[in-house]
Amino acid sequence: MQDTPVTASHPSQGRAYGGQSQQQRDAQRRQQFLQAGLQLFGTDGFRHTTVRSLCREAQLTDRYFYREFGSTEELLRAVYAHCMDDIKARVMAAFHQASPGGHIESIARQGLAAFFNAMQDARVARVCMLELEGVSADCDRFYHGYMGDFADMVMTLARTVHPHWNISNEEAALLGTGFIGAMRQITTYWLQSGCSASVDTLVNTGLRMIMGMVRQLEAEAKD
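Caption draft 1: Expanded view of the pattern of salt bridges. Taken as a whole and assessed by the stated rule, the structure comprises nine salt bridges. The partner of Arg90 in a salt bridge is Asp86, and the shortest N-O contact between them spans 3.1 Å. Residue Arg90 and its partner Asp86 are located together in helix H4 (residues 72-95), separated by four residues, close to a single helical turn. Salt bridges sharing partners connect three or more residues here, namely Asp26, Arg29 and Arg67.

The following block contains the structure:
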């Protein structure tokens, strides 16, 4: 059945069919491919996923796939970015109450809970923790760029709450990177061991790590 054209309310958006503008249809198709990518990359894995299987999952033709994405690798990066941006937004919402002199343990617990709750979707965990590294140099740079952003976010929060810590920017970058790496390894172990550990266990494990660092920096600040 062919779409029936209707008058577009905004000519700059192109002609509308079935009540949707061209931009709306393009956005919907892109979302269908993002969801198909999450499903297949997060279950079968990137290396076992083809354009044909993605199109079948999205219920769209390869013509639309290549209009939106140049390759499965480009879609993988788009799915990863979509997941990580959502996780970052959740964590930042949990951190929103942070202020100088605030209680960092409570703030850290909320941030960790936001992170590990997002990871309860094992597809998201697999895409974010396992699928990007080693695909290509571009994917590696993309992945490590996001890891660096998360490390900066964590240490910026820590320095906002405790501005008296006497650590250099270089040390802060290394500490943040080490902490994010530890959370990645915890999530990867959880994923590969059958997702058996509870969110509370994951949060408490991460909290012990971050509070150990906090207590060390607090002790140094008093010396």
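Caption draft 2: A look at the packing of helix H7 (residues 137-161) against helix H8 (residues 169-192). At a minimum axis distance of 8 Å, the contact between H7 and H8 shows a crossing angle of 115°. Taken together, the axes of H7 and H8 are roughly perpendicular relative to one another. Viewed along their axes, H7 and H8 form a crossing whose handedness is right-handed. Contacts between H7 and H8 pair Tyr143, Met147, Phe150, Ala151, Val154, Met155 and Arg159 from the former with Asn169, Ala172, Leu175, Gly176, Thr177, Phe179, Ile180 and Arg184 from the latter. In terms of residue class, the contact of H7 with H8 is made up of ten nonpolar, three polar and two charged.

Thresholds, definitions, all that
Residue positions are given per chain, counting from 1 as you read along its sequence in written order. Reporting in this predicted model follows two pLDDT cut-offs: at least 70 for local features of residues, and 80 or more for side-chain atom pairs to be given and counted; totals over whole chains, interfaces and linings ignore these cut-offs and use all residues. The side-chain quantities take in all heavy atoms of the structure and omit both hydrogens and water. For salt bridges, the criterion is a side-chain nitrogen of Lys or Arg within 4 Å of an Asp or Glu carboxyl oxygen. Comment: elements are numbered from the N terminus, with helices defined as DSSP H or I runs of at least four residues and strands as E runs of at least two. Axis angles are defined between N-to-C directions and span 0 to 180 degrees, where every axis is a line fitted to C-alpha atoms and, for a helix, only to the segment in contact. Throughout, the term roughly parallel applies to angles under 35 degrees, roughly antiparallel to angles over 145, roughly perpendicular to angles from 65 to 115, and oblique to all others. If you view the pair so one helix is near and one far, a crossing is left-handed when the near helix is turned anticlockwise from the far one by less than a right angle, and right-handed when it is turned clockwise. Between two residues, a contact is recorded if the distance between any of their heavy atoms is within 4.5 Å. Each residue gets one of three labels, nonpolar for Ala, Val, Leu, Ile, Met, Phe, Trp, Tyr, Cys and Pro, charged for Asp, Glu, Lys and Arg, and polar for the others, Gly among them.

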